[in-house]
Amino acid sequence: MASDSNMDREMILADFQACTGIDNIAEAITLLELNNWDLVAAINGVIPQENGILQSNFSSEASQTSPFGPHSQSEATAPTPSAPPSSASASASASASASASASASSSSSPPSSSSPAFCPVQPSRHILERQSRMLNFHVEYRQRSIEVVLEDASTVGDIKTILETELQVPVSKMQLKGWKSGDVSDSTVLRSLHLPKNNSLYVLTPDIAPSASTSQSSAQQGLSNQNYLLVISHREAQRDYSLNFPASKTIQEVKRNISDLTNIPVRHQQWDGWPASASDDSMTLASSGISYPCHHLTVCRRSSPALTVDQTDECTDVHMVSDSEGDDFEDAPEFGVDESEIFGMGSSSCRKSPMMPENSENEGDALLHFTAEFSRRYGDCHPVFYIGSLEAASQEAFYGKARDRKLLAIYLHNDESVLSNVFCSQMMCADSIVSYLSQNFITWAWDVTKEANKARLLTMCTRHFGSVVAQTIRTYKTDQFPLLLIVMGKRTSNEVLNVIQGNTTVDELMMRLMGAMEIFTAQQQEDIKDEDEREAREMVKREQDEAYRLSLEADRKKREAQEREEAEQVRQERIRKEQEEEREAIRLSLEQALPPEPKEEGGEPISKLRIRTPSGEFLERRFLGSCKLQVLFDFVASKGYPSDEFKLLTTFPRRNITQLDPAWSLVEAKLFPQETLFLEAKE
């Protein structure tokens, strides 16, 4: 079914999503690519075998019709791993046993009558032969690397069993890390993890101390989580590349990346700067002996005027090894040598470096690669491509001040279209187009040559612009690319104003850009007017709020001052009242302590005193001549005139009685038999 050349991949994708319920387009495309767009094989890879969706109905038929028996099918189709002899033999035996058990179980299980008919298809023998996938695992443990090949019907525990034989490490003390879905159990079936064909894992043994032989590698493993900065100088282009690589990258992988950047095949690269210890391209950067954190290298094309037979054989071997390691040489000739090189027609490779690496984790790094490759192909006169995610480009274009907003131009490149080179060299690099795009647009680019990158673009467009835009891009055929999408930000949602295809001219492209700019300018003027009115209203509101705040502040200060004044008055009144009460208490106590007024007809000498108060009233009283002056002072104080505030004076001669000794008698003070005194307040 998947081999039918007339079937559209979009229909296969739609059927696959309908059968499996996978809504993520990128994930669905990746799973289909892993199975070479074989719909039944992809569905069986997603749905476990024991569910009996498709494979259980035909397992017995497959085992009966296979000319090699139930065990030979997986053995015949199992790929040969590139591993040491010991690990290869263990992997092959494990693959054979796992294949035998899987085939036996499938042949003995009866067809499930209750299984739902997911897709109305009848798989051919070609489909049945591909239902069992073989998975390659590259497992690293300390300084060792083990290659394990198993069927996807095996479990994680089967891998550990093989590793136990190879590493002499008990399964109970072994932790297998590197699964993309997180930690898994030993009983987890590999098919349920939806793994790619080639996988990398590593073994941890926290309960087992490293041996003495591994003490030297511990320092290198400490750098395994670090990144190396490789400054690589390309001699012919006179250009430097500053590239970050994790310590786990191999020298071979670095050379492949440089091949993509410089268009120099790995077999033609001549390097300067690698240390003597980096004798094997399979070594990681951490173990190669290069300088950390920065190392300088130089690369150029190896001069070879003509290829000999030995060189041709060498290139063939290199190509075969790279194919086994998953390198992308699908477009290379059968024997790994360019036709132009075979006939001496040139030294450059006919395989163009891709505009964008496949499955790049960081969108900014992918666009840096895109810009560098675009400049290498078509020159430095091109629009300034925004380096960042599509979301960041949208924010930059749509969500600033109304006067600063711009249109978003999304350039979609496809190397498989014959229009790409013409459109890029004549339209995108034209001075007028470059100037107009730079002044009025935020230009963002993406390469949709690879299906994985296209699926990622559709996911981003769906998230930011809606499913209609993604569906519109999906409807365009390869020969209609490249595309230039003109997107305008609106209040509620973003709108695609125009989709410009590759079959256009400079004048037509400029007219369509100007037409989109006219629509945008009209909308922008409305937005500026609304924004100015809103800012004016906000300014008036801020001024009113400020005036109201100042008024409240003045009222608050006035109220606080009034409250302080009232509080002070209350305090003074309380003090005055307390003083009066204290004074009254003293007066009453003095009044009660006074001796009784003597009678006139008594036998003792009596002094009659007449005292004038400051208010003009007179106080009259009789005292015994023998009374002390203190009694006179107490009498005056009992009437409200204490001696510390008032002085008692005689008229003539003027004397201050309060300055005399209080122990003197009235006779001694010459206040006998009568005297007129007056009170005067002290200053």
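In what follows, the accompanying structure is described.

Calculation notes
Residues numbered from 1 in each chain as written. Predicted model: local features only at pLDDT ≥ 70, side-chain atom pairs only at ≥ 80, totals over all residues. Heavy atoms only, no water. Helix = DSSP H or I, 4+ residues; strand = E, 2+ residues; numbered from the N terminus. Buried < 20%, exposed > 50% of the residue type's maximum accessible area, 1.4 Å probe, protein only. Contact = heavy atoms within 4.5 Å. Areas by Shrake-Rupley, 256 points an atom, 1.4 Å probe, with all protein chains shown as cover. Polar contact = N/O pair within 3.5 Å; in protein donor to acceptor, adjacent residues only side chain to side chain. Salt bridge = Lys/Arg side-chain N within 4 Å of Asp/Glu carboxyl O.

Quick look at the overall build of the protein now. When you go through the protein residue by residue, the secondary structure sums to 21 helices and 16 strands. Burial analysis of the protein (683 residues in total) assigns 41% to the buried set. For the protein, long-range pairs separated by at least 24 residues make up 66% of all intrachain contacts whose partners lie at least 6 apart in sequence. Accessible area for the protein stands at about 37300 Å²; split by element, carbon and sulfur atoms hold 50% of it.

Let us now look at the side chain of Asn199. Its location among the elements puts Asn199 in strand E4 (residues 198–204). For Asn199, a relative accessible area of 12% puts it in the buried group. Here Pro196 takes part through its backbone oxygen, which lies 2.9 Å from a polar atom of the side chain of Asn199. Excluding residues that lie within four positions of it along the chain, Asn199 makes contacts with Leu135, Asn136, Phe137 and His138.

Moving on: the pattern of salt bridges. This model, assessed by the stated rule, comprises 27 salt bridges. Here Arg191 ties to Asp152 by a salt bridge, and the two come within 3.2 Å at their closest N and O atoms. Within this pair, whereas Arg191 is found in the loop between strand E3 (175–177) and E4, its partner Asp152 is found in the loop between strand E2 (144–151) and helix H8 (156–167), the two being separated by 39 residues in sequence. With a shortest N-O distance of 3.0 Å, Asp532 and Arg403 are connected by a salt bridge. Taken together, the positions of Asp532 in helix H20 (residues 506–593) and Arg403 in the loop between helix H15 (390–398) and strand E9 (407–413) put the pair 129 residues apart, joining distant regions of the chain. Taking the relative accessible area as the measure of exposure, Asp532 reaches 28% and is therefore partly exposed. Where salt bridges share partners, they join Glu373, Arg376, Arg377 and Asp415 into one cluster.

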